[in-house]
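Summary of structural features
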Amino acid sequence: MRRSLLALALATTAAWPVAAQTPRPFSIDDLLAHEDIGTIRISPDGVWVSIEHQRPYDQAGSYDLSTMVNAMLTDLEVHRVAQDRAPIRLAAPGHEAGHLSGPFSPDGTRMAVFRVTADDLQLGVLTLATGETAWYPFTPEMSQFGQTVAWRSPTELVFVARPRHDPPVAMRVGFKVQKRVEQLWRTAASGHGASAVYIPSGQTRQSRTRAEPSTLIVLDVITGTPRLLAQGEWFDLRLSPDGRHAALLEDAEDLQPRPDRPVRVGDPIRRRRLSLVELDSGQVHDPLPDQDLAMYLMTWSSASDAFIVFGRNPDGDFDEDGHFWTVSSNGRARPLDLGPLKPWIQRTWDGVAIPLASWNGRQPVVQVRTADGARVWASPGSAWSDLIPVKEPSERIVEINGRAAIQRADGVHGFTPDGPLLARGQLRDQGQTHDMGNPARWNPSPRDMGQRTLVEQACLSRLSGTPACLTPLDSDEVVLAASPHADFLVTRYSNQGESEVRLRSARGIKPLVALNEEWSGIDWGRVVPVPHPGPGGEALTSWLLLPPGAGPGDRLPVVVEVYPGTAPRSAPSALLPGGTRMQNNPAVIAGAGYAVLIVSLPLTPGERRPAAGIADRILVAVDAAGDLGLVDPKRVALIGHSFGGYGVLSAVAQSDRFRAVIASNGYPDLSLSLQLPPFFRVAPEEGVPVGQMIGWGETGQASIGDFAAVPGAYFEASPLYQVEAIRTPALLIESDLDNQRMGTLFSALYRRNREAGLLTYFGEGHTYASPGNLRDLHARILDWLARYLGPPSG
């Protein structure tokens, strides 16, 4: 009797000898043992390189941190560029704590560091000359939306401190639910209190439970003396270049979506309030008390006398009602008079409003829209002839000798309408020297941009210097950071999944950290492009991963990975050697002998049924792969996660050609997308992101519209209500820290005696973290495929 693939996949395997090994397929054991790197930084004096080395994934002391597990696995290595002494290492032998890098001090003698445990984050300062770390009794804020730790001088650190032992939301989103629920159960069991959590709407919405405020602190790292300056729920701070002032954004009162306006996923759920703090006196200014500020824009002039922000009335709209403001260092705010020009608002994929602004000397420069729709750079009072066309959405302002220039893809251009090319290459920073999260991407400091190193292929220079050329980079080598003195690069070289961090200079190449060395013996299979027409006859390409050892004419069973909106022009990274996607990993599936097809499914703008005709579109790609003689178009399974889970369930409601379907954490019933996630149900002090959940269905990936206005559209687009047509054996997967989504569909299939399974992982969110669960997930995927698609060789 055949032993089940589930049992085989769960069995413990012996370690594969590194020497004399023959090529082998990638497995779940390889995936869970993978290493990686985090942030790379070069010190401002060019003496030190810090590397966050993430150790094997399955060795963490705890997986409570969910998507931040890598922080627990991180050893911090600080290498001296001269390599005349051993690297400084901050590490915990049992990985019960991780160590992350913060910014270097301006003189490069110190570095802010963070110690991460399963329930805490602590601030420290590493003195590089001695290798000693001083740990302080503070829990710093950590946000992707802005900077929260910055050096004011070589000996003073400015940071936002949370209440002690209350780590940032990205760390606590998992275990806090468990702790809160356990406490509520104990309360109910005692019979002496209420276990209710109340969340208000409407006029009483501000009465919900509030979080304890954070504190802005200036720390003297020599004496260890802190000065506590101001309190608020800060998530972004920006120091003036002279270090005298801090501009901060905080989450203020709740905002509820307006019924008369479409909701975007990225719409703010709370008003963003601006504060300006004088760091010597502690005086706090409230320059725009009635405005809701856009994220990612608080850009200081090099003279430190003013900064630019963008705000709207909370009841207004950023696109139509927003204004650029300059705020002086004394707290006075003035709107920029742009005449007939309107602010150009760029939107992220999830709809976050991004205004773009910078400085030309002491003159504000902003991106605006002309009456005829052109996108241009302008200053207040600009004549038409002075407007500078925006040629690339990613172009940014650079300061050279106190004046503006523009970084574009081919190099740095003059800040004039004709924009002559001043220097070829890209300005590369010293890694993440300042922790700004997304603001550094959208609105970097022009002063910082001008101090970067210009990199053209393997040649380095300052904007006004003579290039120093190194030996050419290898084809699979990418630049991570550039020396401030334009004399070396830090790169990452990858080869068939193995990789190393390198210090590349005129003296040669010095490996700093090696990763996944045992992957040299893996056969990753072969990636093949599959061209095929789209629904309108347009040319599309899907991508097929053939398993190791696949020969001509094998016509393998194929597992089709579905994600509506995907249209890759080149082979997706998940199919290439070294891919470490933790869920539904294509290389693990291919390693078991199946072909894996990532299908191209661009969305149709304005279509209220995002999966309309999806089965036919998938089968066109499958048949194209079959015509190439690579797969058996009669042995097809579908797999999808999140929006992909919705996509595959929609497909099997439209066609019986699929032999198996595996859907995880998607919505069979799109009305469920309106629900608050469990974390916010038990922790209302974290905010009420109803709008973000609604926005997914109204204008986000689903883009169906307002549920109250068009409930029938949600019904028509939901696979649950086509359950009679679903006859494909369906493995339905969900997790308890995500909204539970699959239960109703499973019950409906169960009622009809259909082949189905409901699999729930506890302690997991929208993406899974526990190695035990990831091992079990892939084992069950392979078992389901073997049961209903058949073994690969069958």
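Everything below is about the structure shown above.
Residue indices follow the written sequence of each chain, beginning from 1 at its first position. With the structure being a predicted model, the display of local features is reserved for residues of pLDDT at least 70 and the display and counting of side-chain atom pairs for 80 or more, all residues being used for whole-chain, interface and lining totals. Side-chain descriptors were evaluated using all non-hydrogen atoms of the structure, hydrogens and water having been removed beforehand.

Structural notes on the sheet that holds strand β37 (residues 459-461)
Let me state the cut-off plainly: If DSSP finds at least two bridges between two strands, the strands pair. Secondary structure follows DSSP: runs of H or I at least 4 residues long count as helices, runs of E at least 2 residues long count as strands, and numbering of each begins at the N terminus.
The sheet built from 4 strands is open, its strands ordered β35-β36-β37-β38 with antiparallel pairing. The two strands at the open ends of the sheet, each matched to only one other strand, are β35 (426-428) and β38 (468-469). In terms of strand pairing, β35 meets strand β36 (residues 453-456) through 3 bridges, oriented antiparallel. Looking at β36, one finds that Leu 427 is bridged to Leu 454.

Thoughts on empty space enclosed by the protein
The condition that has to hold: Throughout, the protein atoms alone are placed on a 1 Å grid, and a set of points is a cavity if a 1.4 Å probe fits but cannot get out or a pocket if it is open with protein on both sides within 12 Å along at least five of seven lines; lining residues have an atom within 4 Å of a point. Grid points are joined across faces, edges and corners, and a volume is the space filled by probe spheres set on the points. Asp, Glu, Lys and Arg are counted as charged, while Ala, Val, Leu, Ile, Met, Phe, Trp, Tyr, Cys and Pro are counted as nonpolar; the rest, among them Gly, fall into the polar class.
One pass over the full model with this rule turns up 4 cavities of 30 Å³ or more. The volume enclosed by the largest cavity comes to roughly 50 Å³. Around the largest cavity, the lining residues are Gly 266, Asp 267, Pro 268, Arg 272, Ala 294, Met 295, Phe 318, Arg 347, Gly 351, Val 352 and Ala 353. Its residues assigned to classes, the lining of the largest cavity comprises 6 nonpolar, 2 polar and 3 charged. Approximately 40 Å³ is the volume found for the second largest cavity. If you trace the second largest cavity, you find it lined by Leu 356, Ala 357, Ser 358, Trp 377, Arg 396, Ile 397, Trp 442, Asn 443 and Pro 444. Mapped by element, the contributors of at least two residues to the lining of the second largest cavity are β27 (357-360) and β31 (396-400).

Topic: helix α5 (residues 175-190)
Our working definition: Helix span, as expected, comes to 1.5 Å for every residue beyond the first. In this scheme, a residue with accessible area under 20% of its type's maximum is buried, one over 50% is exposed, and one in between is partly exposed, where area comes from a 1.4 Å probe on protein chains only. Two residues form a contact once any of their heavy atoms are found within 4.5 Å.
An ideal rise of 1.5 Å per residue puts 22 Å on 16 residues; α5 measures up with 23 Å between its terminal C-alpha atoms. All buried positions along α5 are accounted for by Phe 175, Lys 176, Val 177 and Thr 187. In the core, the buried residues of α5 are packed alongside α4 (169-172) and α12 (678-682). Positioned one or two residues after α5, Gly 191 has a phi angle of 75°, which is positive.

Digging into the pairing of strand β14 (residues 225-232)
Regular strands have side chains that alternate between both faces of the sheet. Sheet topology places strand β13 (residues 214-220) next to β14; 7 bridges connect them, and they run antiparallel. Residue pairing across strands places Ile 217 opposite Leu 228, the latter belonging to β14. What sits between β13 and β14 in their antiparallel hairpin is a turn of 4 residues, with Gly 224 showing a positive phi close to 80°.

What to know about the pattern of salt bridges
So the rule is basically this: For this analysis, a salt bridge means a side-chain nitrogen from Lys or Arg found within 4 Å of a carboxyl oxygen belonging to Asp or Glu.
Under the counting rule described, the total for this entry stands at 43 salt bridges. The salt bridge partner of Asp 84 is Arg 80, with a shortest N-O separation of 2.8 Å. Note on Asp 84: relative accessible area 52%, which makes it exposed. The class of Arg 80 is partly exposed, set by a relative accessible area of 26%. The salt bridge involving Asp 166 is made with Arg 162; its shortest N-O contact spans 2.8 Å.

Points about helix α11 (residues 643-652)
Taken across its 10 residues, α11 has 10 buried, putting it largely inside the fold. Those residues of α11 that sit buried are Phe 643, Gly 644, Gly 645, Tyr 646, Gly 647, Val 648, Leu 649, Ser 650, Ala 651 and Val 652.

Looking at the environment of Val 47
Here Val 47 is to be found in the loop between β2 (36-42) and β3 (48-54). Judged by its relative accessible area of 25%, Val 47 is partly exposed. Counting along the chain gives 34 residues from Val 47 to Val 81, while the straight-line C-alpha distance between them is 5.5 Å. With residues up to four places along the chain from it excluded, the contact list for Val 47 reads His 79, Arg 80 and Val 81.

What to know about the state of the cysteines
Cut-off, in case you're wondering: Sulfur atoms of two cysteines make up a disulfide when they are within 2.5 Å.
Considering all chains together, one arrives at 1 disulfide under this definition. For Cys 459, the disulfide goes to Cys 469, at an S-S distance of 1.9 Å. Sign of the S-S torsion, about 105° for the bond between Cys 459 and Cys 469, identifies this disulfide as right-handed. One end of the pair, Cys 459, is in strand β37; the other, Cys 469, is in strand β38, and 10 residues separate them in sequence. Judged by its relative accessible area of 22%, Cys 459 is partly exposed.

Nothing here speaks to function; it is geometry throughout.
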